[in-house]
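Below, each chain spelled out in residue letters.
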Amino acid sequence: QPPLPKKHSNVIENIGFGTINKIFIRFEQRWWDDGWKGLQLLWNEDHNDDSHWTKFISGFDVAYPAPDNTLVAWIGGKGAVEMENFDNQVVSSELMKIIRKFMNREDIPDPTHFYCSRWHSNEFVGGAYSFTSRQTDHIDDWEKILSQPITFESSNNDRNVILFAGEAIHPQYFSTVH
């Protein structure tokens, strides 16, 4: 209270918001060759369960500047949301099956450390990135609207200000955490 100005609430209601998670997998030592940058996944028709959350993993990259024995997996969309329902043991096991399958190597060791973000289920966040939507494409200068302070007076005549910040209001770097 009081409600946001209509122009602000209109942008907020129409901006896209999604989920992407990172999964960090650290091994006791590197099992990949020098110069290897990672593994991008391309599923074929033999893996016909398009609804399984693991199909939303786009790949595994050597984490930089983390220790050189760490990979980071990327998962987005509804697969990222579904993945958050499983504990780390299940997620780790599924990821290792995928790595071994795509690398065609059964000798890859299990990780020593494992961490995955869970942005969708975080009560203070509820997702991981904003994006322009068809609706925001029709709102002129929507980033500028959100970046404008909202001032109002409270019942005791104090002047209050609401400021929005973050990647959602940046004109060039929306959808990026930095």
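Residues numbered from 1 in each chain as written. Predicted model: local features only at pLDDT ≥ 70, side-chain atom pairs only at ≥ 80, totals over all residues. Heavy atoms only, no water.

(A) Fine view of the pattern of salt bridges. This structure, assessed with the given rule, holds four salt bridges. For Arg30, the salt bridge identified is with Asp34, shortest N-O distance 2.4 Å. A relative accessible area of 64% places Asp34 in the exposed class. The salt bridge involving Lys97 is made with Glu94; its shortest N-O contact spans 3.4 Å. Taken as a pair, Lys97 and Glu94 lie in helix α3 (residues 88-103) at a separation of three residues, close to a single helical turn. Overall, the relative accessible area of 49% leaves Lys97 in the partly exposed class. (Salt bridge = Lys/Arg side-chain N within 4 Å of Asp/Glu carboxyl O. Buried < 20%, exposed > 50% of the residue type's maximum accessible area, 1.4 Å probe, protein only. Helix = DSSP H or I, 4+ residues; strand = E, 2+ residues; numbered from the N terminus.)

(B) The arrangement of the side chain of Glu143 in detail. Within the element layout of this structure, Glu143 appears in helix α4 (residues 142-147). Comment: no salt bridge for buried Glu143; closest opposite-charge side chain is Lys144, at 7.6 Å. (Lys, Arg positive; Asp, Glu negative; His and termini not counted.)

(C) Structural detail: the sheet that holds strand β5 (residues 70-76). Overall, antiparallel pairing links the five strands, which are arranged β3-β4-β5-β2-β6 in an open sheet. Each end of this open sheet is capped by a strand with a single partner; those strands are β3 (38-40) and β6 (113-116). On average, adjacent strands in this sheet sit at an angle of 15 degrees to one another, irrespective of strand direction. (Pairing = 2+ DSSP bridges. Axes fitted to C-alpha atoms, helices over the stretch in contact; angles between N-to-C directions.)

(D) Representation of the pairing of strand β9 (residues 159-162) within the structure. For strand β8 (residues 150-153) and β9, the ladder comprises four bridges, and the chain directions are antiparallel. In the sheet register, Thr151 faces β9, and the bridge partner there is Val161. Counting the residues in the hairpin turn of β8 and β9 gives five residues, including Asn157, whose phi is positive at 65 degrees.

(E) Structural view of the packing of aromatic side chains. Throughout the structure, instances matching the rule amount to seven aromatic pairs. Ring centres of Trp31 and Trp36 lie 5.6 Å apart, and the angle between their planes is 50 degrees; this geometry places the pair in the tilted category. We classify Trp31 as buried; its relative accessible area is 10%. Measuring from ring centre to ring centre gives 5.0 Å for Trp43 and Phe102, while their planes differ by 85 degrees; the resulting arrangement is edge-to-face. Of this pair, Trp43 sits in the loop between β3 and β4 (57-62) while Phe102 sits in helix α3, and the two are 59 residues apart along the sequence. Feature note: the residues Phe27, Trp31, Trp32 and Trp36 constitute an aromatic cluster, connected by ring pairs. (Phe/Tyr/Trp six-rings, centres within 6.5 Å; stacked < 30°, edge-to-face > 60°.)

(F) Molecular detail of the pairing of β4. Relative to β4, β3 runs antiparallel, the two sharing three bridges. Its bridge partner lying in β4, Gln40 is registered against Gly59. Note: β4 against β5, five bridges, orientation antiparallel. The residue of β5 that forms the bridge with Asp61 is Val72.

(G) Region of the structure containing the environment of Ser93. Inspection of the secondary structure assignment puts Ser93 in helix α3. A relative accessible area of 36% places Ser93 in the partly exposed class. It is 8.4 Å that separates the C-alpha atoms of Ser93 and Asp110, two residues lying 17 residues apart in sequence.

(H) Quick peek at the environment of Ala80. Along the polypeptide, Ala80 turns up in helix α2 (residues 77-83). Spatially, the C-alpha atoms of Ala80 and Arg100 are 21 Å apart, while their sequence positions differ by 20 residues. When sequence neighbours within four positions are dropped, the list of residues in contact with Ala80 reads Thr19, Ile20, Asn21 and Ile75. (Contact = heavy atoms within 4.5 Å.)

Scope: geometric values only; no functional claims are made or implied.
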